[in-house]
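What follows is each chain in one-letter form.
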Amino acid sequence: MRMDLDAFIRDLPKAELHVHIEGTLEPELLFQLAERNQVALPYSSVDEVRAAYEFTNLQSFLDIYYQGAAVLITEQDFADLMAAYLERASADGVRHAEIFFDPQTHTERGIGFSVFMDGFARAQREAEERLGITSSLILCFLRHLSSEEAVETLEAARPYLDHLVGVGLDSSEVGNPPERFAEAFELAGDLGLHRVAHAGEEGPPAYIRGALDVLGAERIDHGVRLEDDDDLLARVAKAGVPLTMCPLSNVKLRVFDVMGDHNLKRLLDRGVKVTVNSDDPAYFGGYIGDNYLAVAEALDLSLGDIAQIARNSIEATFLPNGRRESLLAELDQFVV
Ligand code: ADE
Ligand code: ZN
């Protein structure tokens, strides 16, 4: 039965909507790039790196994640990172991915937009040709930095707007409410970009409400704390606002002690448009298929539940209608 479930999940056509490209940097590539670029690492082996990935909360992870990104320097580094992710996602049945990147993590180190954008674009093109996987990019503002810096970042991205599908908001949540970024999100809307935001990962439901009402967020990234506010939950379910949930991340960052406590199934049963994603798979012990499998087993999901989650993911994409409809048709064929 376990093998059947593995194969069902792997072959199920799906979209990934919550993955940070910097969070797909596997320890092996981290070492390779550190050597290629002569960057010193505070670790002496891949095993030592993996042993350091014991987190107590979001901030304890972010400290290590930003440190890891320091090995990404050349256009080829960003292309290699993107190529490795798309290959791995495709093997998990991902037909389309909307991928976060953190430009400020790179521009702060003197690396310009052209370096990472050109590297990403080349790998995205090659993966689409070779594997058929489509992908687009979502520029995330770092919420531990200022509103002015977010606006400046969006201005710097103007020459690359054709390569972006939207903007997002990530990094340290508690103490950095969404309202601070109203100006950057308004500008993004004026530029025709979609808007999403991390909210309710560690922060309160008020941050989810702020993301919807003040930032105009069309999807909520994580949103586990939605369960603490019945009125908001009913509103989100009725409006069909998707939640991009990341179960392995939530357990690794101690949002839930064990997977059996995760609220994904309860939210699904209350009509919330839940999706399953990997967040930072190199740090949290699994890609999207591992996340599907972990919740399916711990929460006793039916095959119908699992197929509904995949359907939600395709419906929640920012794809043009033609491609979305064809992926939905592919899913329909698979599940009958
Ligand atoms: N950046 C990368 N992963 C993140 C997460 N889970 N929450 C907030 N910011 C992040
Ligand atoms: Zn995230």
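Model, not experiment: these values are computed from the prediction. (Residues numbered from 1 in each chain as written. Chains lettered and ligands numbered in written order. Predicted model: local features only at pLDDT ≥ 70, side-chain atom pairs only at ≥ 80, totals over all residues. Heavy atoms only, no water.)

Draft legend 1. Here's a closer look at the pattern of salt bridges. Overall, the coordinates contain 22 salt bridges when judged by the stated rule. When the shortest N-O distance is used, the salt bridge between Asp92 and Arg88 registers 3.0 Å. Given the relative accessible area of 10%, Asp92 is considered buried. Ionic contacts of the salt-bridge type, sharing partners, join the residues Glu26, Glu28 and Arg50 into one network. (Salt bridge = Lys/Arg side-chain N within 4 Å of Asp/Glu carboxyl O. Buried < 20%, exposed > 50% of the residue type's maximum accessible area, 1.4 Å probe, protein only.)

Draft legend 2. Just the packing of helix 5 (residues 75–91) against helix 7 (residues 113–131), in detail. One can describe the packing of helix 5 onto helix 7 by two numbers: an axis separation of 7 Å at closest approach and a directional angle of 35 degrees. Remark: the crossing between helix 5 and helix 7 carries right-handed chirality. Together, Glu75, Gln76, Phe78, Ala79, Met82, Ala83, Leu86, Glu87 and Ser90 of helix 5 and Val115, Phe116, Asp118, Gly119, Phe120, Arg122, Ala123, Gln124, Ala127, Arg130 and Leu131 of helix 7 make up the contact between the two elements. Taken together, the residues of the contact of helix 5 with helix 7 sort by class into eleven nonpolar, four polar and five charged. (Axes fitted to C-alpha atoms, helices over the stretch in contact; angles between N-to-C directions. Helix = DSSP H or I, 4+ residues; strand = E, 2+ residues; numbered from the N terminus. Left-handed = near helix turned anticlockwise from the far one by under 90°. Contact = heavy atoms within 4.5 Å. Nonpolar A, V, L, I, M, F, W, Y, C, P; charged D, E, K, R; others polar.)

Draft legend 3. View of the pairing of strand 7 (residues 242–245). Side chains Pro242 and Thr244 project from strand 7 onto one buried face, and the interleaved Leu243 and Met245 project onto a second face that is buried too. One ladder, built from two bridges, connects strand 6 (residues 219–222) with strand 7; its direction is parallel. Paired with Asp221 across the bridge in strand 7 is Thr244. One ladder, built from four bridges, connects strand 7 with strand 8 (residues 273–276); its direction is parallel. Paired with Met245 across the bridge in strand 8 is Val276. (Pairing = 2+ DSSP bridges.)

Draft legend 4. Broad picture of the coordination of the zinc ion (ligand 2). Only His18 (NE2), His20 (NE2), His198 (NE2) and Asp279 (OD) from the protein coordinate the zinc ion (ligand 2), and they sit 2.1 to 2.2 Å from it. Around the zinc ion (ligand 2), the four donor atoms are arranged such that angles at the metal cover 83 to 174 degrees; this shape is classified as irregular. Within one chain, the residues serving as donors to the zinc ion (ligand 2) are arranged as H-x1-H-x177-H-x80-D. On the criterion of sequence distance, the pair formed by His18 in the loop between strand 1 (14–16) and helix 2 (27–37) and His198 in strand 5 (residues 194–199) is long-range, its members being 180 residues apart. Per residue, the accessibility class of His18 equals that of His198, and both read buried. (Donors = N, O, S within 2.8 Å, 3.2 Å for Na, K, Ca; no water. Tetrahedral: all angles 85-135°; square planar, octahedral: opposite > 155°, others 65-115°.)

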